[in-house]
Amino acid sequence: KPEFKVTLLGAGGVGKSALTLRIISGVFTPTYNPTIEDYYRHDTNIDGVGPCIVEILDTAGTEQFASMRQLYISNGQAFALVYAVDDRASFEEVKEIYQHITESKSPQNISVVLIGNKCDLDDRREVETWEGQEAAKEMCNSQFLETSAKEGTHVFKFFETLVMCLDGR
Ligand code: GTP
Ligand code: MG
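We now turn to the structure provided with this report. (Residues numbered from 1 in each chain as written. Chains lettered and ligands numbered in written order. Predicted model: local features only at pLDDT ≥ 70, side-chain atom pairs only at ≥ 80, totals over all residues. Heavy atoms only, no water.)

Take the packing of helix 3 (residues 88-104) against helix 4 (residues 129-138) next. The interhelical angle for the contact between helix 3 and helix 4, taken along N-to-C directions, is 10 degrees, at an axis separation of 11 Å. The angle between the axes of helix 3 and helix 4 places the two elements in the roughly parallel class. Between helix 3 and helix 4, the contacting residues are Arg 88, Phe 91, Lys 95 and Tyr 98 on the first element and Glu 131, Gly 132, Ala 135 and Glu 138 on the second. The residue makeup of the contact of helix 3 with helix 4, split by class, is 3 nonpolar, 1 polar and 4 charged. (Axes fitted to C-alpha atoms, helices over the stretch in contact; angles between N-to-C directions. Helix = DSSP H or I, 4+ residues; strand = E, 2+ residues; numbered from the N terminus. Parallel < 35°, antiparallel > 145°, perpendicular 65-115°, else oblique. Contact = heavy atoms within 4.5 Å. Nonpolar A, V, L, I, M, F, W, Y, C, P; charged D, E, K, R; others polar.)

Moving on, we come to the coordination of the magnesium ion (ligand 2). All of the protein donors around the magnesium ion (ligand 2) are Ser 17 (OG) and Thr 35 (OG1); their distances to the metal are 2.0 Å. Separated by 18 residues along the polypeptide, Ser 17 in helix 1 (residues 16-25) and Thr 35 in the loop between helix 1 and strand 2 (37-46) bring together distant segments of the chain. (Donors = N, O, S within 2.8 Å, 3.2 Å for Na, K, Ca; no water.)

Within strand 5 (residues 111-117), 7 of the 7 residues are buried, which leaves the element mostly enclosed by the surrounding structure. Burial of the side chains of strand 5 extends over both faces: Ser 111, Val 113, Ile 115 and Asn 117 are buried on one face and Val 112, Leu 114 and Gly 116 on the other. Assessed by its sense of winding, the connection that carries the chain from strand 4 (residues 78-84) through helix 3 to strand 5 is right-handed. Where strand 5 lies against strand 6 (residues 143-146), 4 bridges are found, and the strand directions are parallel. Counterpart to Gly 116 in the pairing with strand 6 is Glu 146. For the handedness criterion, the β-α-β arrangement of strand 5, helix 4 and strand 6 is classed as right-handed. (Buried < 20%, exposed > 50% of the residue type's maximum accessible area, 1.4 Å probe, protein only. Right-handed = clockwise from strand over helix to strand, strands pointing away. Pairing = 2+ DSSP bridges.)

So, on to the packing of helix 1 against helix 5 (residues 155-167). Interaxial distance between helix 1 and helix 5 falls to 10 Å at its minimum, and their mutual angle equals 90 degrees. Comparing their axes, helix 5 and helix 1 come out roughly perpendicular. Of the residues in helix 5, those touching helix 1 at Leu 19, Arg 22 and Ile 23 are Val 155, Phe 158 and Phe 159. Residues of the contact of helix 1 with helix 5, tallied by class, amount to 5 nonpolar, no polar and 1 charged.

Checked against the element boundaries, Ser 148 lands in the loop between strand 6 and helix 5. Taking the relative accessible area as the measure of exposure, Ser 148 reaches 0% and is therefore buried. Separated by 2.9 Å, the side chains of Ser 148 and Asp 120 make a polar contact. A distance of 3.3 Å separates a polar atom in the side chain of Ser 148 from the backbone nitrogen of Lys 150. Ignoring anything within four residues of it in the chain, the contact list for Ser 148 reads Asn 117, Lys 118, Cys 119, Asp 120, Thr 153 and Val 155. (Polar contact = N/O pair within 3.5 Å; in protein donor to acceptor, adjacent residues only side chain to side chain.)

Let us look at the packing of aromatic side chains. For the coordinates displayed, the defined rule picks out 2 aromatic pairs. With a centroid separation of 5.9 Å and 55 degrees between ring planes, the pair formed by Phe 156 and Phe 159 is classed as tilted. Of this pair, Phe 156 and Phe 159 both sit in helix 5, 3 residues apart, roughly one helical turn. A residue is classified by how much of its surface remains accessible, and Phe 156, at 37% relative accessible area, is partly exposed. Classification of Phe 159 as buried rests on a relative accessible area of 2%. (Phe/Tyr/Trp six-rings, centres within 6.5 Å; stacked < 30°, edge-to-face > 60°.)

Here's what the structure looks like:
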């Protein structure tokens, strides 16, 4: 079985763990527990790819653990850059993370999917959909999706997109 490795990066509280748990177990937890580092081996079957194992690295977004980021970037190949649509600062942060990625990796060697999570919170939106689309274009034409871990919107599609990017190389 082919194995793929994906790394979720983004500010604290944007929903990286919620997205991961949705993928792994299909549930949503409303409580917030800041992550230090979580690693999963997910045995799955993806359309167009088939049975495969996806290693998911769910990283810490909060400042005190952000020093690990450089290591995740060096060791990673597919990155989900996650912000929350109700948090403009988190949108600025994914752009910074992308800059860091390009400083240590060439665009041909990486796959990036930009994710605007919490799209269920439309009434509290601080980042418009078109802004996400523009940012993704500037990230070497990366794919872009708005997701909701709470409602399940586009969560599996996001996961599939990341793995398919990797499978194509
Ligand atoms: P760190 O581990 O600190 O980096 O945070 P994180 O990015 O893993 O965030 P986490 O998944 O823990 O979610 C933070 C909070 O946002 C939790 O209370 C979640 O329940 C909530 N949350 C996550 N995704 C969504 C979403 O799609 N919609 C809504 N409304 N809330 C969400
Ligand atoms: Mg987390």
